[in-house]
Structure formats: structure tokens, C-alpha cells
Amino acid sequence: MAENSILCSVSSLTLSIFILFCCLFGHCNSVEQLGGYDTFTISSFKYPETQIRPFDMHYIRVDLPPWFSSMSIALKSSVNLDIKSAKKVPKSVLPMICFRDGSLPLPDVSSTSLEVALSNRSFDGIQVLQNMEQCYPVPRNMTMKLTNEQISARVLYFGLFNGVGPTRTQSKMIVRNRAYSFTANISVEGCTTSTMQGQYCNQTIELLSCARSGNSSGNGSVSGFFNQSMVLCRNNFETSCHGDGEMKIYSLEILRITESLTISVQNLRLRPLDSIGNSSRIYLMCFARYGAMPLATLHDYSGDLNQSPLVIRFPKVGQWYISILALHLAKEIGGALSNVSKVCYSLEVQELECPLGKAGPNCSSERYMLQTVLRKYSTPFESYYLPDGGDVISDALNFHLEPLLSNYSVGGLDSWTYFLLDVPRGAAGGNLHVRLMSDRKMNYEIYARNGGLPSLINWDYYYVNKTSSSGDSVFFVLYNSSDEKVDFYILYVKEGIWNIALRHLNSTGDISDGQTTMSISLERCPKRCSYHGACKSALDTSGLTLYSFCACDRNHGGFDCSIEIVSHQGHIWQSIALIASNAAAVFPAFWALRQKAFAEWVVYTVSGISSGLYHACDVGTWCVLSFGVLQFMDFWLSFMAVVSTFIYLTTIDEVFKRAIHTAVAILTALMAITKATRSSNIILVMGIGAFGLLLGWLIEFSTNYRSLSCSMGLCLNRLERWFLFCTIMKYYA
């Protein structure tokens, strides 16, 4: 879900639309060296040819520091699909590439990404929200370059998937879908001078000088709030001047959680000083953007500073860029076009901060920095978050909520309580789990935001009640919530500071009437894969991010194994039919016994038994031996049964048959132990059997070359052998 702000258009929108443009239109810029500019290579990675097996995934992390200028990606794959052909391919086998800013993509959660990927080549009607990934069919060749004017300086992930949807995580007996391979070159260029940025590091950035100016109270507060400390930032020079259409860019870094950021200009005047005109009619446009270069067409916030200051409520912690653009200088000065050439001003930026432990209006709401408590005997990054010195429930790692709630309310309606926690670097593959449990109906709303304080207009995820939440977000999953319980996950949570705010409705009442416990934890797999699978962990290609995923059983799928693909009753009938079908081995075994072909009888009988035991183990009924041993026995004996039938059709001496059987046993054992389930084995086995049959006939004809006639008994014997062959082939087909 996006930050629900009417003023900003966040950087994820830019990333998504630009990638959509590159991948669908094919007009991406070529990867080129920025020779002749003041740049250097921050990082350069070459990923060798890597195979993506069916239903597998592969993640790549790219770090973009604040001083980066551009990122170049060159991808080659063995996939040969276009938009028209991709629409005809089932999504369970469709090769996909997904992008996400700040954390790992997860295309199995929703079909929205796939619908955008297979949409037409028009931007009309496409709405891209923050915290949503963008997915596209894997191209054969993709070359693009993204600059710091298009994406924010953060962490970019992209994942490659071979098939998406609920069945991707389902356990399968035999997988015969195609694998594909890819190679990638990724390089990040940066500017050698911190005051020069842009794609070619040719744009001057003026760093604002900031100093704390003490407490802000009374009428001196720009926002009207009390008990706030102020950080005042100004441009280094007393005034800045620039002409019509000229843009100046400034930068500052917000280090602490801030209530508001106010951008204003002082001493606005025109030059030359003797010019005659009305400066109030000049447009002095301000564009602000978090983490990236602001442009007139691409920014988060904007306003005319000549009319009023630009106020940004609850800005995110990190680097901010501010650009000032003067417009209509000559047009608005009474027709004296030659008298005015520049507009001058003093830029002033105010950061309003609450005291430590306070937040919200009038700094009267409580704010807690939660401690990270690592779990014992767990994988890295699994942890709980608890308040320092709070009332912690023993053995449960929960804490009581009522003693921590804010008592202050605005207009007697509600109050806010804020909890801050840190998701460490490399933990983007984990899931943030938030739970509230009460002995009465709860009057809490929950708002979560990465990097800044959440509010009613700025949030990443929220929960009001069962019918009003971020349920349409790809990465927000609600479980078994009721009036007395709230339980949700933020999937593949972004790194950095997270702020979780509780809005307590009707706080003027006695909050001690009920007792509520809260639990916040960073976990691996949601709901422990719903107890229908195993939680597994892996590292991305760079080795910097640990992520977890579910490997579900035969009956379930989805990212958390909560989707029932095969019903319990259907599973029972499927198991019975699959196991009982091996009784068909009785017919070739009985025929071989009548013909006194005891070697073939043993092969057919044991093959049917081992196949039944293998399928019984595979469907989860009973495993007499390990799954690998049973699979090997099933495929090896099946291969032997087919080849033995071919050899039985010949009438050569038993000496030659034993030699051929020995050679065939070795070859089929190697086939069964290495990639037994590949479909090409059928052709190989038939080829080996046909070769054995041809070899036997050659030996037979070479032995009996003097006699070309065939006795009636021999002909009938061969007819019986051919009938046996057809019966066995029908069973093993």
C-alpha cells in the first residue's frame, strides 16, 4: 500500500513506470561508460550463467548509496518469449522477472503483478502503488540504465522466477517443466564529489548548514506546536540568485524522527535592485524529494514558496533534496522585460523535533524505542521487540499495552502511541509479525510506516478492523482477526527503522477496564508455513540478504502453504488410485510365469511392488525406506522391465542374453540414479531396448544364416513373445 499522501508521488512509482517503459517498449538506454565526467565505479558484478530450475527462484540485491549517479543492468537469458506468446503460457510455468524497491519481490501473493506484466503497451489506467513489485516476462535480452533522477538511493532487488502462483511451492513427485539460464552484468556509478550529482555528475548540489536553535514555543513555532526543539538549516550564502527557468538544488539530511519539515524563503527580491515590478506575482516553485533528485516533473512534494511555506508532515529519516525553480520573471514585471534578470532569496528549512520519548501533536504522545531480543537456537535475524523496562509477560515475550498508552487526547477523541523498531541490514527476507490480544473489544487502529512517523494521511500499512485494512496490498496478510484479536504479517519487510503507531479511540474513558497484550516479532515463514510444509532459508546471490520460503506438502501451496490445492477426500482417492494402479503388474508377471521366463517374472513382480511402495511414500501414507531409495528402485526396475521385454523377444542363447542384461542393468542404474524423472529417459530406455532387440536378432540371424525358413513352432513362439511385449508396454506406458 502506498503512503496515502495527496502531496507526494514516491520513488517506487518512478522505478515501476520506468522499468515498464524499458521492458515493454524496448527503448532503454544503452549501458555505456560515463567517460569524460567526474564519476567512478562504485560496484560492478558479473553473474555467470545460472540455471533457474522449474518452480525455482533467484534473487539479486543492488545497493545504491546516496552518491550514486546511475545503475546499469544487462541481462541475457535463454528465454524466447514476447508479449503475445507470454499471454498464452500458463503462469505456473511462465519465466518472470520482478523488481522491488527496498525488499524482495514475492509474485505468488497476488495476481496484480502478472496482470500488469501482461497488459497492453499503454500507460493509461495503470496505477502503481508503493510497496508493490513490478513483474514482467523474462526477456531474451534486456539492457537499461537507471539514474539518480529516476530512482532513490536505497536498495533495489530483482528476482527471477520459473513459474509463479500457488503451485510453485507445492511438493511434486515429478517435475518436467523446462529450466532456463541467465547471465547478468550490473554496475553502479557514483560521483567523486559530494556537491556534484546527477546522471553525469554535472549538477551542483548546495549542502544546507544546520544548527539546533533550542526549544520552539509560543507563537514562535511555525507549526503552532509547543515543547519542540528546532533545527534550522540555511544556505551557505546569504542569498541565492538565479534567472527565469533556472533551477538550484539543495540537500540536507534528517537524522532523527521529525514532526515536520518547513521550507520557506526570506528576503525575496528582484535584481537589478532598481527594477520596478510586483514580486508577489512571481512563481518560486519548490520541489522536494526523498532520496533522489527532484525535478519539475518528478517529485514528492511541491509548492509555491512565494505564496506560502511548504510544510512536510512527518518526513522520513534520511537524505532530502530540495530544488527551487523561478518562473515568469519577465512576464510579471509590468512589461519591463529587460529590467529584471534574476530573483534572489534566502532559503530557510526548519526541522521540528519532539523531546526524547515524545511524538505527535504538542509532543504529548508517548514514543518507545523497542529493544531487539534475539531468539535462542534460531536462524539469524529472528527476534522479538520489547519496550525497555516494560511490563513483559514471562515466557511469552509479549508486553502489556495499557501501561504504555498515551493519556493525551486531541478534542477528547483519540490518542496516539508510537513504537519504533529496527530491522537490521540483510533481514529484508524476514516477515514482521504484529499481534494484539485483549479480553474485551479493542478500540485500536494500527498504522505502520518505514522511515517516518505514520499518521492518518501517511502510512505504508494499516489496520482499522476486519473490513478496513491494507488487505489489497501484496505484502500485508491478515490472519484470524476478530474484535478481540489482531494478527497480521508484513511480508519481506524493508530494512531500517519502522514506526508502528496505535491510535486509541475514545481515550477519555478508563483504559484500565481491559487488558491488552502486544507482540512484535521478526520471523522466518508466516504461520510456520501453516503447518503444511517446511520453512527453508537461503541467501541471495550477493550473500548479503537471508530470506526464507515455504516448501509445502503435496496437498498445499502458496507462499505460506495455506492454499489447499488437493482436498483431503481427493487426496485419499488419488492415493488409492495411484497405489492400486500398480496391481496391473500382475498381468505381465503371470504371463512370464506361464512361459517359464523366471528372470522376467522376478523383474515384473518386484517392479510392481517397488512402484506401489514408492507412490505410497510419495503421497504420505507410509515409507518403508527412504524416499530416494524407493524412487531409485521404482525407476530402475521400470527401465529394466521395458528393456528385458525387448531382449526376451529374441531367441538367442542365454549366454548372450545374460551379457546384454548385465550391460543394460548398469546403464539403467546410472539413468535412475541421475535425473530419473527426466522425460528423455523414456526415449533412452526405448532406444536401449530396441538396440538390444536388434543386436539379438543380428546374432540370431548370423547363427542361422543358412536357414531362411521359419518353422511353425518358432513363428507361434514369436507371436506369443510379441503379445507379451504389447501387454507390458501398455502397463508401463
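Since the structure is predicted, the reported quantities are computational estimates derived from the model, not experimental observations.

Explain the overall build of the protein chain residue by residue, including any values.
Scanning the protein chain for helices and strands turns up 10 helices and 39 strands. Burial analysis of the protein chain (733 residues in total) assigns 52% to the buried set. Residue pairs at least 24 apart in sequence account for 77% of intrachain contacts in the protein chain once pairs closer than 6 positions are excluded. For the protein chain, the accessible area works out to roughly 33600 Å², and carbon and sulfur atoms hold 57% of it.

Account for the UniProt feature "transmembrane region" (unreviewed entry) in the protein chain, naming residues and giving values.
This chain's UniProt record puts "transmembrane region" (unreviewed entry) on residues 572-591, 598-615, 635-652 and 682-699. Between the first and last C-alpha atoms of residues 572-591 the distance is 32 Å; the span itself is 75% helix and 0% strand. Secondary structure across residues 598-615 comprises 100% helix and 0% strand; the distance between its end C-alpha atoms is 26 Å.

Before we move on, can you summarise the layout of surface pockets with the specific residues and values?
If you add up the space inside the largest pocket, you get close to 990 Å³. Lining the largest pocket are 28 residues, with Arg53, Pro54, Phe55, Asp56 and Val175 positioned closest to its centre. Top contributing element to the lining of the largest pocket by residue count: strand S37 (residues 546-552), with 4 residues. Residues belonging to the lining of the largest pocket are distributed by class as follows: 11 nonpolar, 7 polar and 10 charged. A domain split of the lining of the largest pocket shows at least three residues from each of domain 1 (39-197) and domain 4 (568-698 + 723-730).

For the pairing of strand S19 (residues 318-327), give the residues involved together with the corresponding values.
Counting buried positions along S19 yields 8 of 10 residues, so the element is predominantly enclosed. Pairing geometry for strand S14 (residues 247-254) and S19, over 8 bridges, is antiparallel. In the strand pairing of S19, Lys248 is matched with Ile324. Of the strand pairs in this sheet, strand S16 (residues 283-290) and S19 are connected by 8 bridges, and their pairing is antiparallel. Across the sheet, Tyr283 pairs through a bridge with Leu327, a residue of S19.

I'd love a proper account of the sheet that holds strand S4 (residues 95-101), names of residues and values included.
Strand pairing in a sheet is mediated by backbone hydrogen bonds. Such pairs are either parallel or antiparallel. Read across the sheet, 4 strands follow the order S2-S7-S4-S5 without closing on themselves; strand pairing throughout is antiparallel. Each edge of the open sheet is held by one strand with a lone partner, namely strand S2 (57-63) and strand S5 (134-137). Here the strands of the sheet are splayed against their neighbours by 20° on average, with no regard to which way each runs. In terms of strand pairing, S4 meets S5 through 4 bridges, oriented antiparallel. The residue bridging Met96 from the neighbouring strand is Pro137, located in S5.

Provide a residue-level description of the pattern of salt bridges, including the pertinent values.
Tallied over the full model, the rule gives 13 salt bridges. A salt bridge links Glu353 to Arg256; its shortest N-O distance comes to 3.3 Å. With Glu353 in strand S20 (residues 342-353) and Arg256 in the loop between S14 and strand S15 (260-271), this pair connects stretches of sequence that are 97 residues apart. By relative accessible area, Arg256 is classed as partly exposed at 33%. Of the charged contacts in the structure, one is a salt bridge between Arg375 and Glu382, with a shortest N-O distance of 3.8 Å. On the accessibility criterion, Glu382 (11% relative accessible area) is buried. Here the residues in one salt-bridge network are Arg61, Asp63, Arg425 and Glu495, joined through shared partners.

Could you give an account of a nonpolar patch on the surface, naming the residues involved and the relevant values?
Taken together, the side chains of Leu593, Phe598, Trp601, Val602 and Val606 make up a nonpolar region of the molecular surface, amounting to roughly 420 Å² of accessible area. The element that contributes the greatest number of residues to the nonpolar patch is helix H6 (residues 598-618), accounting for 4 residues. With respect to the secondary-structure elements, Trp601 resides in helix H6. For Trp601, a relative accessible area of 32% corresponds to the partly exposed category.

Explain the side chain of Ser481 to me, and be specific about the residues and the numbers.
Within the element layout of this structure, Ser481 appears in the loop between strand S32 (476-478) and strand S33 (485-490). Within the structure, Ser481 has its side chain in polar contact with the backbone nitrogen of Asp487 (distance 3.2 Å). If we skip the residues at most four places from it in the chain, Ser481 touches Tyr463, Lys466, Val486 and Asp487.

I'd like a rundown of the nonpolar core, residues and numbers included.
One finds Leu436, Ile500 and Met518 to be the most contacted residues of the largest nonpolar core, which totals 55 residues. Per-element tally for this core: the top contributor is S33, with 4 residues. Among all residues touching Met518, those that are not within four sequence positions of it are Asn398, Phe399, Leu401, Phe419, Val434, Arg435, Leu436, Ile500 and Leu502.

Explain the packing of aromatic side chains to me, and be specific about the residues and the numbers.
Under the definition given, this model contains 19 aromatic pairs. A centroid spacing of 4.8 Å and a plane angle of 80° characterise the contact between Tyr59 and Tyr547, whose relative ring orientation is edge-to-face. With Tyr59 in strand S2 and Tyr547 in strand S37, this residue pair connects regions lying 488 residues apart in the sequence. With 6.2 Å between their ring centres and 25° between their planes, Tyr461 and Trp498 make a pair best called stacked. A residue pair is termed long-range when its members are at least 10 positions apart, and Tyr461 in strand S30 (residues 461-465) and Trp498 in strand S34 (residues 496-505) qualify at 37 residues. An aromatic cluster is defined as three or more aromatic residues linked by ring pairs; in this entry it consists of Trp416, Tyr418, Tyr447, Trp459 and Tyr462. The ring of Phe55 carries the charged tip of Lys172 above its face, separated from the ring centre by 4.0 Å.

Could you give an account of the side chain of Ser470, with specific residues and numbers?
Locating Ser470 in the fold gives a position in the loop between strand S31 (468-469) and S32. A relative accessible area of 0% places Ser470 in the buried class. Within the structure, the side chain of Ser470 is placed 2.8 Å from the backbone nitrogen of Tyr462, a separation counted as a polar contact.

Pulling in residues and values, what's your account of the sheet that holds strand S3 (residues 68-77)?
Pairing is antiparallel across the open sheet formed by 4 strands, whose spatial order is S1-S8-S3-S6. A strand with exactly one partner marks an edge of an open sheet, and here the two such strands are strand S1 (39-52) and strand S6 (141-147). Direction aside, the axes of adjacent strands within the sheet are offset by 10° on average. Bridge count for S1 against strand S8 (residues 180-191) is 11 bridges, and the pairing is antiparallel. Considered in S8, the bridge of Ser44 is made with Ser187.

Describe unusual backbone geometry, and please don't skip the residues or the numbers.
Positive phi, normally seen in glycine, also occurs at Phe55, with a value near 65°. With respect to the helices and strands, the residue Phe55 is situated in the loop between S1 and S2. In this structure, Ser530 takes a positive phi of about 55° despite not being glycine. Structurally, Ser530 is set in the loop between strand S35 (516-523) and strand S36 (533-539).

Each value, and the rule that gives it
Residues numbered from 1 in each chain as written. Predicted model: local features only at pLDDT ≥ 70, side-chain atom pairs only at ≥ 80, totals over all residues. Heavy atoms only, no water. Helix = DSSP H or I, 4+ residues; strand = E, 2+ residues; numbered from the N terminus. Buried < 20%, exposed > 50% of the residue type's maximum accessible area, 1.4 Å probe, protein only. Contact = heavy atoms within 4.5 Å. Areas by Shrake-Rupley, 256 points an atom, 1.4 Å probe, with all protein chains shown as cover. UniProt positions renumbered as here; feature names shortened; annotations may be inferred. 1 Å grid on protein atoms, 1.4 Å probe; cavity = no way out; pocket = protein on both sides within 12 Å on 5 of 7 lines; lining within 4 Å. Points joined across faces, edges and corners; volume = space filled by probe spheres on them. Nonpolar A, V, L, I, M, F, W, Y, C, P; charged D, E, K, R; others polar. Domains from an automatic or database assignment. Pairing = 2+ DSSP bridges. Axes fitted to C-alpha atoms, helices over the stretch in contact; angles between N-to-C directions. Salt bridge = Lys/Arg side-chain N within 4 Å of Asp/Glu carboxyl O. Patch = residues over 30% accessible without salt bridge, like charges linked within 9 Å, V, L, I, M, F, W, Y side chains within 5 Å. Polar contact = N/O pair within 3.5 Å; in protein donor to acceptor, adjacent residues only side chain to side chain. Core = buried A, V, L, I, M, F, W, Y, C linked by side-chain atoms within 4.5 Å. Phe/Tyr/Trp six-rings, centres within 6.5 Å; stacked < 30°, edge-to-face > 60°. Lys NZ or Arg CZ within 6 Å of the ring centre and 35° of its normal.

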